[in-house]
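Residue-level structure breakdown
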Amino acid sequence: MHKRDFPNFLASTAETTDDGRLFAPSAERNAGPIADLLARVAPETGRALEIAAGTGQHAATFAARLPGLHWQPTDVDPTRLASIDAYAAQSGTNTIAPALQLDATSHGWAATHGPRDLILVCNLLHLISETEARTLIAEAAACLAPAGCFIAYGPFKRGGVLISEGDVSFDTRLREHDPEVGYKDDKRIIDWATKDGLILVETAEMPANNLAFVFERPAG
Ligand SMILES: C[S@@+](CC[C@H](N)C(=O)[O-])C[C@H]1O[C@@H](n2cnc3c(N)ncnc32)[C@H](O)[C@@H]1O
């Protein structure tokens, strides 16, 4: 199992409760806007897979907002799984499955985790290499059910350009820590997913210069 060493400046989580829940201020800020997007574009029913679920704040928010979906949170980091389960337990929903360990950059996971009506990845693609991102998207595409929806949210370059000083600074720090990682280009993400047979439904502008790509697997 491959897990990249995350730089200290990304360690924005702190354990806040005695039931093991971690808290990420960024997840608190962006959960609402992402939930609004999901409520608008995601299937109302079916099986959802969340990649890189992190603390579990997102899973609790999204599952509560989309009660017709069975929500499967996953993360590569085993220490996150207890936090995700703790958020699920206090979410007031019964649609969140126990968190599973999944390295989304490994080859072949689509065969054992699908078919899925929704696959969501937030804030991971800039933290992995181009090769790993390419594999993740190919596996997600292969894991989708017909008419299934794949959503990738996070910071991206636009036509090769970093669009703000904050983005330049963040991308530079990421690459200084690990030259293989950093912001991916929007056009490359679309190109990869399209080659994997997905259709781009929407590129949504999100708060704080983030984007959300909404792809769909053809129904037939
Ligand atoms: C910046 S956090 C984002 C968490 C959450 N999705 C959010 O937006 O708040 C990145 C997460 O990706 C997970 N991660 C890193 N490499 C991964 C991989 N190869 N497969 C799956 N998850 C991974 C980390 O453990 C961490 O929980």
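Let me begin by describing the structure that accompanies this report. What you see is a predicted model, and the numbers here were worked out from it, not measured in a lab.

Rules used throughout
Residues numbered from 1 in each chain as written. Predicted model: local features only at pLDDT ≥ 70, side-chain atom pairs only at ≥ 80, totals over all residues. Helix = DSSP H or I, 4+ residues; strand = E, 2+ residues; numbered from the N terminus. Buried ≥ 20, exposed ≤ 12 C-beta atoms within 10 Å, placed from the backbone. Contact = placed C-beta atoms within 7 Å. Core = buried A, V, L, I, M, F, W, Y, C linked by C-beta atoms within 7 Å. Near = placed C-beta within 6 Å. Nonpolar A, V, L, I, M, F, W, Y, C, P; charged D, E, K, R; others polar. Axes fitted to C-alpha atoms, helices over the stretch in contact; angles between N-to-C directions. Parallel < 35°, antiparallel > 145°, perpendicular 65-115°, else oblique. Left-handed = near helix turned anticlockwise from the far one by under 90°.

**Brief notes about the overall build of the protein chain**
Summing up its helical and strand segments, the protein chain has seven helices and 11 strands in all. Along the longest, intermediate and shortest principal axes, the C-alpha atoms of the protein chain span 45 × 40 × 35 Å. Within the protein chain, the fraction of its 220 residues that count as buried is 40%. Residue pairs at least 24 apart in sequence account for 72% of intrachain contacts in the protein chain once pairs closer than 6 positions are excluded.

**Some points on the nonpolar core**
By size, the foremost hydrophobic cluster in this structure holds 55 residues, and its most contacted members are Ile 51, Ala 59, Ile 119, Val 121, Phe 150 and Ile 151. When residues no more than four places from it in sequence are discounted, the contact partners of Val 121 are Ile 51, Ala 52, Ala 104, Leu 136 and Ala 152.

**Some words on the site of the ligand**
In the vicinity of the ligand lie 22 residues, with Ala 52, Gly 54, Asp 77, Cys 122 and Asn 123 positioned nearest. For the shell around the ligand, a count of residues per class yields 11 nonpolar, five polar and six charged.

**Concerning the packing of helix α1 (residues 25-41) against helix α2 (residues 57-65)**
The contact between α1 and α2 brings their axes to 9 Å, and the two run at 30 degrees. Between α1 and α2, the interaxial angle falls into the category roughly parallel. Both α1 and α2 take part in a crossing whose hand is right-handed. On the side of α1, the interface is formed by Ala 27, Glu 28, Ala 31, Ala 35, Leu 38 and Ala 39, while α2 contributes Gln 57, His 58, Thr 61, Phe 62 and Arg 65. Grouping the amino acids of the contact of α1 with α2 by side-chain chemistry returns six nonpolar, three polar and two charged.

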